[in-house]
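# Reading the structure
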Amino acid sequence: MDLVLIWAVLLSFAILIYVILDGFDLGIGILFPWGRDAKERDMMMNSIAPVWDGNETWLIFGGGGLFAAFPLAYSILMPALYIPVLIMLFALVFRGVAFEFRFKSERSQGVWDGAFNFGSSVAAFAQGLILGAFIQGLEVTEGGYTGGALDWLTPFSLMTGFALMCGYSLLGATWLIIKTTGELQQWAYQAARWLLLIVLAWIAMVSLWTPLAKPEVAERWFSWPNFLLLSPIPVATLGVALALWHALKKQRERAPFIFSVSLFFLSFIGLAVSIWPYTIPYQLTLWETAAPPESQRFLLVGAVILVPLILGYTTFSYRIFKGKVAAGRSYY
Amino acid sequence: MEFDAVLLSRIQFAFTLAFHILFPTLTIGLAVFLVIIEALWLRTKKDLYYYIYKFWVRIFGLSFGMGVVSGIVLSFEFGTNFSRFSEATGNVLGPLLGYEVMTAFFLEASFLGVMLFAWYRVGNRLHFLSTCVVALGTIISAFWILAANSWMHTPAGYRLEEGIFYVTDWSEVIFTSSFLYRFTHMLFASFLSTVFLIAGVAGWYLLKGQHEFVARSCFSLTLGLAAVLAPAQILMGDLHGLQVQRDQPMKVAAMEGLWETGREVPFLIFAWPDQEKETNHFEIGIPKAASLILQHDPEGEVKGLKEVTPDQRPNVPIVFFSFRIMLFSGFLFLGVAWIGLWLRWKKQLYKQPWFFRLCMFTAPLGFVATVAGWVVAEVGRQPWIVQGLMRTVDMASDIPAQAVLISLSLFVLVYGILFLAFVYYLFKLFRAGPDYKTEPPPFTSARTAWLPSG
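Residue numbers restart at each chain and count upward from 1, following the sequence in its written direction. Whichever chain is written first becomes A and whichever ligand is written first becomes 1, with later ones labelled in order. Confidence filtering applies because this is a predicted model: local features only for residues at pLDDT of at least 70, side-chain atom pairs given and counted only at 80 or more, and all residues used for totals across whole chains, interfaces and linings. Excluding hydrogens and water, the side-chain figures rest on all heavy atoms present in the structure.

The name an unreviewed UniProt entry gives chain B is Cytochrome ubiquinol oxidase subunit I, with Nitrosococcus wardiae as the organism. Recorded in UniProt for chain B, the comment headed Sequence similarities (unreviewed entry) runs: "Belongs to the cytochrome ubiquinol oxidase subunit 1 family." UniProt positions are given in the numbering used here, feature names are shortened, and annotations may be inferred rather than shown by experiment.

As annotated in an unreviewed UniProt entry, chain A carries the name Cytochrome d ubiquinol oxidase subunit II and is attributed to Nitrosococcus wardiae. UniProt's Sequence similarities (unreviewed entry) comment on chain A is quoted here verbatim: "Belongs to the cytochrome ubiquinol oxidase subunit 2 family."

What follows is the structure, encoded as structure tokens:
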């Protein structure tokens with residue numbers, strides 16, 4: 001087996017897990033101002049307080065994994081995306097500390113509510129910017145970034161920024177459906193329906209704009225027989241969207257979240273198809289940016305043993321906190 | 001000095017690192033302290049230990065949150081600000097950081113949730129196990145990060161081809177000649193900083209006559225630990241110093257403020273190093289002491305800074321003064337801890353207000369000493385980013401200085417605000433003291449003690 005391929009799959013998996021897990025808790029942060037009173041906001045926050053830290057660890061795994069397995073890609077992408085990466089980091093700092101500070105404050109609770117909402121929204125938006133800039137491609141000569149400091153800022157990346165915010169909100173709303181009851185849950189059902197429509201519009205827009213802007217992507221999707229072979233992806237996306245709509249209408253509790261995750265999964269696959277086999281789109285491939293086998297193998301040995309273990313105890317900790325949440329700071 | 005992108009990136013990296021290390025320093029020590037307290041609780045079944053645990057676990061949660069968010073920044077900053085360095089060393093350092101994430105971060109993050117939020121949801125034994133796992137996670141994390149950092153000081157197990165490092169032997173990469181010294185030194189620094197913080201807070205309660213039982217218990221336990229840890233750390237520092245002298249003689253020369261290679265070198269208690277004139281002003285020293293410390297022989301030879309050209313020396317005043325801050329704090333800890341022993345022997349430990357005040361004064365010093373120690377280590381390595389092989393100035397990203405200036409200013413502003421908020425909530429928790437209102441969870445029968453009870 002090709003080590004580079006294994007790492008490509010493993011890292012994609014880590015990024016997907018990150019997007020789903022931190023996606024729903026960033027989504028809760030984006031939806032936070034719609035919590036009507038302190039009690040509802042408590043419930044929203046309590047639904048993720050024990051797990052957000054583990055969720056965010058997948059981001060470090062993604063960053064660290066990229067550094068370890070594809071150091072050249074890491075050392076090109078990070079300076080190229082300097083500003084959006086730092087915006088994301090600042091935003092994550094604010095929302096992260098809000099969990100701790102909010103429950104320890106009284107008068108200043110509003111400040112940390114704001115920090116949580118603002119940080120979550122900006123972090124999601126910045127991740128969308130990074131995604132958009134990545135899809136568009138970067139100016140690289142001789143293994144180094146040679147573009148400007150603001151090359152990432154384009155209408156396309158702004159669009160992906162908003163799209164990701166809406167996508168995360170959908171995950172957040174469907175997570176709230178699982179974790180809450182009564183009025184807040186009803187509100188989440190409503191929100192999820194609207195968000196689904198908006199997200200579908202964004203998916204359609206990104207799916208049209210990307211091949212129009214990038215001939216490489218158009219070639220990948222619309223050439224024969226790729227068109228036929230890849231057609232299950234958009235078809236399945238449509239099917240999942242319908243199933244999600246139906247589940248929201250029927251007021252199912254878990255199905256909406258699972259279908260939202262499936263929607264992310266399919267979009268992710270679609271993206272992977274567009275980008276394959278590049279780590280720096282349309283210029284440097286996985287193999288050209290990979291670490292040598294001795295480095296990839298050394299870390300892989302650990303990953304093979306540890307990643308299943310991590311998934312195991314992560315599942316275990318989610319199980320401990322299963323069920324509906326209560327308001328208040330009843331914890332520690 | 002010109003404020004170019006490289007210098008700004010270095011300042012930003014130093015600033016974000018120094019800010020970050022405060023929190024792991026506290027959480028490594030506190031996690032171990034909480035393991036001890038919870039073990040005492042399970043063993044003695046005294047409510048007292050439950051209240052101590054609940055009190056300090058809040059401070060642990062607060063600090064851990066700060067550590068996580070400031071740590072995420074670092075995992076990206078290698079790439080954003082030192083991209084040439086990440087390209088050159090990614091094959092070596094990347095996997096070490098990857099192991100840190102896989103063996104430590106996930107472990108800590110998942111079980112922290114249980115530790116903080118799952119009282120009553122899980123049995124007491126499983127809760128204790130979670131505390132142990134979190135403590136283990138913090139130590140494993142220190143293991144990998146010190147391994148990666150030590151490799152930059154004493155590189156080994158590599159092959160260098162066209163400016164890129166390739167690994168030839170992983171055990172040599174991890175267990176370099178400085179690693180075990182630095183790992184142990186950092187763990188002891190964490191433990192010492194934590195016990196003095198706890199002792200300081202307990203001393204404050206004793207001074208005010210509040211929370212008598214909790215305060216006495218904490219005061220006695222932490223000062224007892226300090227009496228062993230303080231001399232152990234000084235011994236560890238001494239051994240580490242011998243190793244640094246072997247591997248990085250210019251760092252030691254800067255620490256000692258020694259310009260000329262010589263024998264019977266004095267230890268300078270104070271001096272004002274002058275890099276321009278390559279000499280010191282206002283020297284006050286103990287004759288032959290540096291030779292004695294570094295060579296274990298009063299006649300021993302110590303290498304001076306003039307062995308190399310000025311462009312191969314670190315910034316002498318920074319290293320020199322940071323070293324003294326660390327060293328003097330270390331001896332102060334020893335003094336306070338042993339005065340504690342003496343008072344205990346005289347049965348006066350809980351009766352001397354001046355001693356409570358002394359402990360309050362030393363409470364934050366461990367953190368000052370730890371940061372100073374890191375400054376000695378990292379500035380002392382300069383101008384090298386990888387000792388003897390790669391220069392820091394050649395390894396930064398090619399990004400505009402304005403971008404770095406903006407991000408650095410934002411870091412100073414944001415971290416400044418966060419630090420104030422952290423200290424504010426820390427003191428709020430200290431002032432509030434332990435919460436005796438909540439009932440400790442019941443001791444269930446052995447069969448269900450592991451299982452979630454819901």
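## Some words on the UniProt feature "transmembrane region" (unreviewed entry) in chain A
All names here are of chain A. According to UniProt, the positions carrying the feature "transmembrane region" (unreviewed entry) are residues 6-34, 80-103, 115-136, 156-178, 190-212, 224-245, 257-278 and 298-321. Between the C-alpha atoms that bound residues 156-178 there is a distance of 34 Å. The span itself is 100% helix and 0% strand. Helical segments are the DSSP runs of H or I of at least four residues, strand segments are the runs of E of at least two, and each set is numbered from the N terminus. Across residues 190-212, helical content stands at 100% and strand content at 0%; the span's end C-alpha atoms are separated by 34 Å.

## Describing the pattern of salt bridges
Residue and element names in this part refer to chain A. Salt bridges are counted wherever a side-chain nitrogen of Lys or Arg sits within 4 Å of a carboxyl oxygen of Asp or Glu. Here the structure, examined in full by the defined rule, presents 20 salt bridges over all chains. Residue R95 is joined to D25 by a salt bridge in which the shortest nitrogen-to-oxygen separation is 3.0 Å. Linking R95 in helix α5 (residues 82-102) with D25 in helix α1 (residues 3-31), this pair joins segments that are 70 residues apart in sequence. The buried label goes to any residue with under 20% of its type's maximum accessible area, the exposed label to any with over 50%, and the partly exposed label to all in between, with areas taken from a 1.4 Å probe on protein chains only. Assessed through its relative accessible area of 0%, R95 is described here as buried. With a shortest N-O distance of 3.0 Å, E253 and K324 are connected by a salt bridge. With a gap of 71 residues between them, E253 in the loop between α11 (232-249) and α12 (255-275) and K324 in the segment after α14 (293-320) connect regions that are remote in the sequence. E253 gets classed as partly exposed once you look at its relative accessible area, which sits at 36%. Within this structure, R41, D42, R102 and D113 form a network of salt bridges that share partners.

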